[in-house]
Structures are given as structure tokens and as C-alpha cells.
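Next come the chains, spelled out residue by residue.
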Amino acid sequence: MRVLVIGGGGREHALVWKLAQSPSVKAIACAPGNGGISGRANCINVAADEIEDLAKFADKAEMDLTIVGPEAPLTKGIVDLFKQKGLPIVGPTMAAAQIEGSKSFAKDLMKKYGIPTGDYRTFEDHSEALDYVKKKGTPLVVKADGLASGKGVFPCQTLEEALRALDQIMVQGLFGEAGNRVVVEEFLTGEEASFLVFTDGKSVLPMPACQDHKALYDGDQGPNTGGMGAYSPAPVVTPQLEKRIMETIMIPTVEGLALEGCPYEGVLYAGLMIENGEPKVLEFNARFGDPEAQPLLMRMTSDLTEVLAAITRHELDSVTLEWDHRASVCVVMASGGYPGQYQKGKLVQGLEKVVVMKDIMVFHAGTEINIEGQYETNGGRVLGVTSIASGIASAIDLAYEAVSKISWDGCYYRQDIGKKALKRQG
Ligand code: AMP
Ligand code: GLY
């Protein structure tokens, strides 16, 4: 098989690495890929959201399967386009991808099908939103409805913060059209977890639970990022809770989307808040999480290509997913200044000391290879250093041992990835 991976982050490096292990895979292309991916796949110089050019490439290069990493091409309709052209692709259609692309669509769907989530109201008029927020009082969460690269969510502890968020989204237009509508939500408390499933629209197969670390600094302080690290399994999701998440959230969501006339295929990701054993949905994503994909794929022992191909044939019921029972931890190493402004072009040192380590993979996100053949930083999140070991404590130690060997000017990472799991284990 010839496989195309769309995207160029750590998630896509992990996908390429995992797909390359399938005996049926003869060639892998990645658009646009990155410095690390170029060692394992043919990187194509087409951006992930140039969907027409991607379809032309997939057609000409006779790709047997395409998997989409990021959300932007999904909400632009890449799956619809590929399917029109008879090109096999894994991911939701534009209509189904609204579950990530429009927060009000996701909330209305959850309300209609009784899926547990916080109370909310949707507004298109600034003064109506203002009146509601003033009446309701804080804490609450103000969200731009559309895609905003993870920056459109404002948890507000004071009225002043809420008013500022509404002003930035609805008056100043900080997120363009994504802010034409806002969702004002109940502020949920508890512990977060990421829960992902594969689905072909009928069968829904869970992946092990994992946990992201969204905040920039240790102790979940500071601004939100794309994710500074992740681990799996996440002990906050007990086997009973997993059953409950499947029965009350994942299966009803897939069934609800089908009833709405937009059946969902691909990876469906629920960001959950768990309090006193009760899971509530914070958001849905229409794809693998990043960094979550890195520890998850590290633990997956099934043939990923077979799973994805079964989704395109609507035969996921014939698949049993298998996972390594060990724990995996991914520590994201980022450019100093991320998620704000940061410099690029810093020489990455020490990778050769980690390549020889057992049970460690360094997935590249923002890297490129310079003319001397060395890796340089080329983005905010640069590397996902991902370990696998018998337990969460040893996986943490192994990941940080590898991290300590890698450096560049201004490199930053959190020191406490996985700590919450350790605390739970006592
Ligand atoms: P989202 O992109 O909707 O997942 O939001 C990003 C982050 O904002 C989440 O991972 C949470 O940490 C936080 N968040 C979002 N919605 C809520 C909510 N209703 N209550 C509390 N925190 C939230
Ligand atoms: N790690 C969060 C996300 O992929 O959206």
C-alpha cells in the first residue's frame, strides 16, 4: 500500500513511524512533514490545508490510503473532496467535522442527545452576550465558536475578564469569522482526560485513556498551549469510568451524528472533565490529539494500517485493537517564548545520544534539516520525547533521562509531565 499522511507535527511523525511498521505499507508520503519525518517518508511541499493540491497529488501518486492529522483540512472538506474522486481517506466529512469546527454545533448535538456537558448559551449579538454574562456572573468560560488554533477559549474568574473576552472576540474580531458566534459555558472543575476512539460510523473502538498537559508551566499554570506533554494510560479513567464514557458519550455521539445525517468516520476525540467519577465533555476534536497520539501510538500493538483500511471499508467490527500494557510518557520540548513569539533556526544538539536509547522515540514537530544536514528548530513545539516502560514512574524517568541529553538555545519543557498519575497511584 501507498499511504499519505497529512500534517507536519509530532502527531504526524508518530503516525508515519507506526504506519511504517505495517508489512502492507510499501511507501509513505507526508504533506508537508518536517525534518524528522523526512527520514521515514517522502515529504511533499504542500500545506496541510491546500486540499485541492493534496487531492491532485494523491491521485497522481496513486495513494491507497490517506490519513488526516490536523483539523483545518477536515473542516475545509478534504474528506468530501477525496471521496468524490474515489480516493480512500480516513477522517470525517466537512459536515461531521463541525463537531470540532463549531463549538455551538457540538453543544447543540450534546444537548439533543443527552450527552453530559456543562450548561451553555450561544450568542451572535454582543449586547445580548454582555447582558447574559452580567446576569449569570463568574466563573464562566467564553469561547469563539469556530477554529482558533486553541486560542479561542477564555476561562474567566471575574466579570472584567469575561467582558474583555467578549470584546476581543465579538468587537475586535481577534479570531475573524470564527468569532461571529460565541458560546458562554459553565465553568467545570475536576481533572481533565483525553478519550479517543476509532469509528467507521457503526463500530466504536476505544483507545486507552490519556492525559494532556495544556498549560505552559508546571502545576498547570500559565497560558494554554497545544499541549506540553501527555501520558497513557491515565488512571483517572478507571475501567468502570471507561465503560461509562463509551456508553454515555462516545457511542451516543457517533449515533447522534448519524441520525443528524452526517455519519462520522475516523478518530473521534473527547476532551473530558472528570469530577467525582462523573465525566462531562469540554470539547470534541475530529482527529488524533497532539501530543496524545504520541504515547497512544507508542502503546498500540495492532497494525494501524489495517485499522485505518477497515474504517474506509466500514468493516471496523472485524478489528480487535491491541495495546502494550506498559505506560508511555511524552514530554514536549518547545522553543522559549512559545506559545507567544519565539525564534527559529536553533541547532538541536544531543539527538544522537537518544537514538541509541531503548524504548524511546523522539517524534519531531517543529524541526527542519539545514544545508549541513543538521536538525534546526522550526516551530513552537519542537520535539515530543516519548518513552515506554513498565509503569508510569519508570516511563517518566526514562523520558526525562532522554530529554536531559537534548538541548538548544532557549529550549523549554515542563518538569512535571505525568505527576498527576503518580499522585493517583499514591
Ligand atoms: P477546549 O479547546 O474547548 O478544550 O478548551 C481548552 C481548555 O480550556 C480545556 O482543556 C480546559 O482546560 C479549558 N476549558 C474549556 N472549557 C472549559 C469549561 N467549560 N470549564 C473549565 N475549563 C474549560
Ligand atoms: N492536545 C490537544 C489537541 O490535540 O487538541
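Details of the structure are given in the entry above.
Note that the coordinates shown come from a computational prediction; the quantities given were computed from them, not determined experimentally.

Counting 81 residues, the largest nonpolar core has Ile-78, Ile-99, Met-250, Leu-383 and Ile-406 as its most contacted members. The element best represented in this core is helix H13 (residues 392–403), accounting for 8 residues. The contacts of Met-250, once residues within four sequence positions are left out, are Phe-195, Val-197, Val-204, Ile-245, Leu-268 and Ala-270. One finds Ile-28, Leu-205, Leu-296 and Val-319 within the second-largest nonpolar core, a separate group that totals 39 residues.

Around ligand 1, a shell composed of 13 residues is seen, among which Glu-185, Glu-186, Leu-188, Glu-192 and Glu-283 lie nearest. Between ligand 1 and the protein, one listed contact pairs a nitrogen atom with a side-chain N or O atom of Lys-143 at 2.9 Å. A distance of 2.8 Å separates an oxygen atom of ligand 1 from a polar side-chain atom of Glu-283. Considered on its own, ligand 1 offers 470 Å² of accessible surface; in the complex 91% of this is hidden by protein. Within the residue set of the shell around ligand 1, elements represented by two or more residues are strand S7 (140–144), strand S9 (182–186) and strand S17 (278–285). Residue classes in the shell around ligand 1 are distributed as 5 nonpolar, 1 polar and 7 charged.

Turning to the pattern of salt bridges, a few remarks are in order. By the definition in use, this model includes 24 salt bridges. Note that Lys-83 is salt-bridged to Glu-265, the shortest N-O span being 3.1 Å. Remark: Glu-265 occurs in the loop between helix H9 (239–259) and strand S16 (266–275) and Lys-83 occurs in helix H4 (residues 78–84); sequence separation between them is 182 residues. Note that Glu-260 and Lys-112 form a salt bridge whose closest N and O atoms lie 2.7 Å from each other. Of this pair, Glu-260 sits in the loop between H9 and S16 while Lys-112 sits in helix H6 (residues 103–112), and the two are 148 residues apart along the sequence. Given a relative accessible area of 35%, Glu-260 falls into the partly exposed group. Residue class for Lys-112 comes out exposed when judged on its relative accessible area of 56%. A single salt-bridge network, built from bridges that share partners, covers Asp-220, Arg-414, Asp-416 and Lys-420.

Geometry of a packed helix pair, given as the angle between the helix axes and the separation of the axes. Put simply, helix H1 (residues 10–19) and helix H11 (residues 304–312) touch, their axes get as near as 8 Å, and they point 100 degrees apart. By the criterion of interaxial angle, the relationship of H1 to H11 is roughly perpendicular. Contacts from Leu-15, Lys-18 and Leu-19 in H1 reach Leu-304, Thr-305 and Leu-308 in H11. Class assignment for the residues of the contact of H1 with H11 results in 4 nonpolar, 1 polar and 1 charged.

A few words now on the environment of Met-250. Here Met-250 lies in helix H9. Classification of Met-250 by relative accessible area gives buried; the value is 0%. Put simply, Met-250 and Lys-353 are 103 residues apart on the chain and 42 Å apart in space, counted from C-alpha to C-alpha.

Moving on, we get to helix H2 (residues 51–60). Three or more residues of H2 are buried, namely Ile-51, Leu-54, Ala-55, Phe-57 and Ala-58. Projected down its long axis, H2 shows its buried positions confined to an angular sector of 165 degrees, all on one face. Along H2, the residues that are exposed and aim more than 90 degrees away from the buried face are Lys-56 and Lys-60. Contact partners of the buried residues in H2: strand S1 (2–7), strand S2 (27–32), strand S4 (65–68), helix H3 (71–75) and H4. One or two positions beyond H2, positive phi appears at Glu-62, with a value near 50 degrees.

Further remarks concern the site of ligand 2. Close contacts around ligand 2 come from Asp-212, Lys-214, Gly-226, Tyr-269, Asn-285, Arg-287, Gly-289, Asp-290, Pro-291 and Glu-292, and that covers them all. With respect to ligand 2, the backbone of Gly-226 contributes an N or O atom lying 3.2 Å from a nitrogen atom. Between Glu-292 and ligand 2, the recorded distance is 2.8 Å, taken from a side-chain N or O atom to a nitrogen atom. When the free accessible area of ligand 2 is taken as 200 Å², the share hidden by the protein chains comes to 90%. Tallied by class, the residues present in the shell around ligand 2 amount to 2 nonpolar, 3 polar and 5 charged.

The next subject is the packing of helix H7 (residues 126–136) against helix H8 (residues 159–171). In contact at an axis separation of 10 Å, H7 and H8 are set at 165 degrees when each is read in the N-to-C sense. If you check the angle between H7 and H8, you find them roughly antiparallel. For the crossing formed where H7 meets H8, the hand is right-handed. Residues His-126, Ala-129, Leu-130, Val-133 and Lys-134 of H7 form the contact with H8, whose own contacting residues are Leu-159, Ala-162, Leu-163, Leu-166, Asp-167, Met-170 and Val-171. Class assignment for the residues of the contact of H7 with H8 results in 9 nonpolar, 1 polar and 2 charged.

Within the structure shown, the criterion is met by 6 aromatic pairs. Each ring, one from Phe-123 and one from Tyr-132, has its centre 5.2 Å from the other, and the planes form 45 degrees; the classification is tilted. Across the pair, exposure class does not vary: Phe-123 and Tyr-132 are buried alike. Aromatic pair Tyr-400 and Tyr-413: ring centres 6.2 Å apart, planes at 45 degrees, arrangement tilted. With a gap of 13 residues between them, Tyr-400 in helix H13 and Tyr-413 in the loop between strand S23 (411–412) and helix H14 (419–425) connect regions that are remote in the sequence.

Spatially, the 4 strands line up as an open sheet ordered S6-S9-S7-S8, and their pairing is antiparallel. A strand with exactly one partner marks an edge of an open sheet, and here the two such strands are strand S6 (120–123) and strand S8 (153–156). Looking at each pair of strands side by side, their axes are set apart by 20 degrees on average, direction ignored. Bridging between S7 and S8 involves 4 bridges; their strand directions are antiparallel. Across the sheet, residue Val-141 finds its bridge partner in S8, namely Pro-155.

How each quantity is defined
- Residues numbered from 1 in each chain as written.
- Chains lettered and ligands numbered in written order.
- Predicted model: local features only at pLDDT ≥ 70, side-chain atom pairs only at ≥ 80, totals over all residues.
- Heavy atoms only, no water.
- Core = buried A, V, L, I, M, F, W, Y, C linked by side-chain atoms within 4.5 Å.
- Buried < 20%, exposed > 50% of the residue type's maximum accessible area, 1.4 Å probe, protein only.
- Helix = DSSP H or I, 4+ residues; strand = E, 2+ residues; numbered from the N terminus.
- Contact = heavy atoms within 4.5 Å.
- Near = heavy atom within 4 Å.
- Polar contact = N/O pair within 3.5 Å; in protein donor to acceptor, adjacent residues only side chain to side chain.
- Areas by Shrake-Rupley, 256 points an atom, 1.4 Å probe, with all protein chains shown as cover.
- Nonpolar A, V, L, I, M, F, W, Y, C, P; charged D, E, K, R; others polar.
- Salt bridge = Lys/Arg side-chain N within 4 Å of Asp/Glu carboxyl O.
- Axes fitted to C-alpha atoms, helices over the stretch in contact; angles between N-to-C directions.
- Parallel < 35°, antiparallel > 145°, perpendicular 65-115°, else oblique.
- Arc of directions from axis to C-beta.
- Left-handed = near helix turned anticlockwise from the far one by under 90°.
- Phe/Tyr/Trp six-rings, centres within 6.5 Å; stacked < 30°, edge-to-face > 60°.
- Pairing = 2+ DSSP bridges.

Structural measurements only, silent on function.
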